[in-house]
Amino acid sequence: MSQDASTLLLAHHLKALKLPTFLRDYTSVAATCSQERSSYPQYLLHLAERELIDRERRATERRIREAAFPVLKTIETFDFTAQLSINEPLVRELLRGEYMAKRENVLLVGNPGTGKTHLATALGFAACTQGKRVRFLTTTGLVTQLLEARDSRTLQRLHKQLERLDLLLLDELGYVPFSKAGAELLFEVVSRAYERTSLLVTTNLPFAQWTEVLGSERLTGALLDRLTHRVHILEANGQSYRLQDAKGRLKRK
Ligand code: ADP
Ligand code: MG
């Protein structure tokens, strides 16, 4: 076979085997390997390592896309000195992600602007890099989806999708009260996630006021029971970061 034909065929096979990094790099790696007098297995090892690293990176990128974070925020840009009420060691522990293996939940409670969504996103992002399947939804967004799915008879499919997750982030429980049907559907999600999927819920509401959003006292009790059975609670009761930021800007003027 001519050189050209084998190059073409190799490209075809590497594509069919889904080894894009092999295809992209085999010539350049061959050049370095021949300079360094590497053996054939060493050459293959170099290529295999590159393929693995790239594959892992692409998978992480896909998980981040699928998580659908509203804005991508990480812990690097979170200023703990601006929100002293937050238990930093606990945040650092949660960033390691062991709570997901134990199907434990996280509750982030605090006033508006205290960084709850930022922290939730940072924890979700860390989970994506650890190979976990994550989805970010506002609580009202989820309830709307559930109601729509019920009406179009696709509720089971939606539940199945949610059950495949390792971490479901539910942002902003408590800003808008739910209808009776909405609260019941939300309860079903929490109930099915119990000991299967970790939930991370952010809220501005102390527990005593959850009934106001969920309607029924019995349902609230049952939901809190499941959510808080194994839970890490992070409280942020400082000032709004937005407010501090705005005040700082005004002072500097
Ligand atoms: P919440 O969800 O509690 O209302 P957010 O997480 O949306 O608050 O925070 C509001 C804005 O302030 C966001 O842009 C967020 O990135 C930023 N922010 C809040 N707290 C901090 C902090 N401690 N360090 C850096 N940025 C912060
Ligand atoms: Mg928020």
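The structure displayed is predicted, hence computed values, not measured ones.

Caption draft 1: Summary view of the domain arrangement of the protein chain. Here the domain parsing of the protein chain yields domain 1 (3-66) and domain 2 (75-247). Put simply, the middle of domain 1 and the middle of domain 2, counted by C-alpha atoms, are 41 Å apart. Each side of the interface is counted separately: domain 1 has four residues, and domain 2 has eight residues. Of the roughly 460 Å² buried between domain 1 and domain 2, counting both surfaces, carbon and sulfur atoms make up 62%. When the buried area of domain 1 at its contact with domain 2 is split by residue, Arg-63, Ile-64 and Glu-66 rank highest and sum to 84% of it. Remark: the boundary between domain 1 and domain 2 carries zero salt bridges. Applying the counting criterion to the domain 1 and domain 2 interface returns one residue pair in polar contact (both at pLDDT 80 or more).

Caption draft 2: The site of ligand 1, seen in detail. Every one of the 14 residues lining ligand 1 counts as a neighbour, but Lys-73, Asp-79, Gly-113, Thr-117 and His-118 are closest to it. Between ligand 1 and the protein, one listed contact pairs an oxygen atom with a backbone N or O atom of Gly-113 at 2.7 Å. Side-chain polar atom of His-118 to an oxygen atom of ligand 1: 2.7 Å apart, as the coordinates give it. Across the complex, the protein chains shield 86% of the 550 Å² of accessible surface that ligand 1 would expose by itself. Placement of ligand 1 is best described as lying within the largest pocket.

Caption draft 3: Fine view of the pairing of strand β5 (residues 231-236). Across the two faces of β5 the burial differs, with His-232, Leu-234 and Ala-236 buried and Val-231, Ile-233 and Glu-235 not buried at all. One ladder, built from six bridges, connects strand β1 (residues 105-110) with β5; its direction is parallel. Within β5, the residue paired with Asn-105 across the bridge is Val-231.

Caption draft 4: Summary view of the layout of surface pockets. Roughly 470 Å³ of volume is contained in the largest pocket. Along the walls of the largest pocket sit 22 residues, with Gly-115, Lys-116, Thr-117, His-118 and Arg-242 positioned nearest its centre. Elements that contribute at least two residues to the lining of the largest pocket include exactly α6 (116-129), β3 (167-173) and α12 (241-252). When residues in the lining of the largest pocket are grouped by element, the largest group, four residues, is from α6. Here the lining of the largest pocket is built from residues that sort into seven nonpolar, nine polar and six charged. Here the second largest pocket defines a volume of roughly 200 Å³.

The rules we used
- Residues numbered from 1 in each chain as written.
- Chains lettered and ligands numbered in written order.
- Predicted model: local features only at pLDDT ≥ 70, side-chain atom pairs only at ≥ 80, totals over all residues.
- Heavy atoms only, no water.
- Domains from an automatic or database assignment.
- Contact = heavy atoms within 4.5 Å.
- Buried area = accessible area lost by both parts, 1.4 Å probe.
- Salt bridge = Lys/Arg side-chain N within 4 Å of Asp/Glu carboxyl O.
- Polar contact = N/O pair within 3.5 Å; in protein donor to acceptor, adjacent residues only side chain to side chain.
- Near = heavy atom within 4 Å.
- Areas by Shrake-Rupley, 256 points an atom, 1.4 Å probe, with all protein chains shown as cover.
- 1 Å grid on protein atoms, 1.4 Å probe; cavity = no way out; pocket = protein on both sides within 12 Å on 5 of 7 lines; lining within 4 Å.
- Sits in = over half its atoms within 2 Å of the grid points.
- Buried < 20%, exposed > 50% of the residue type's maximum accessible area, 1.4 Å probe, protein only.
- Helix = DSSP H or I, 4+ residues; strand = E, 2+ residues; numbered from the N terminus.
- Pairing = 2+ DSSP bridges.
- Points joined across faces, edges and corners; volume = space filled by probe spheres on them.
- Nonpolar A, V, L, I, M, F, W, Y, C, P; charged D, E, K, R; others polar.

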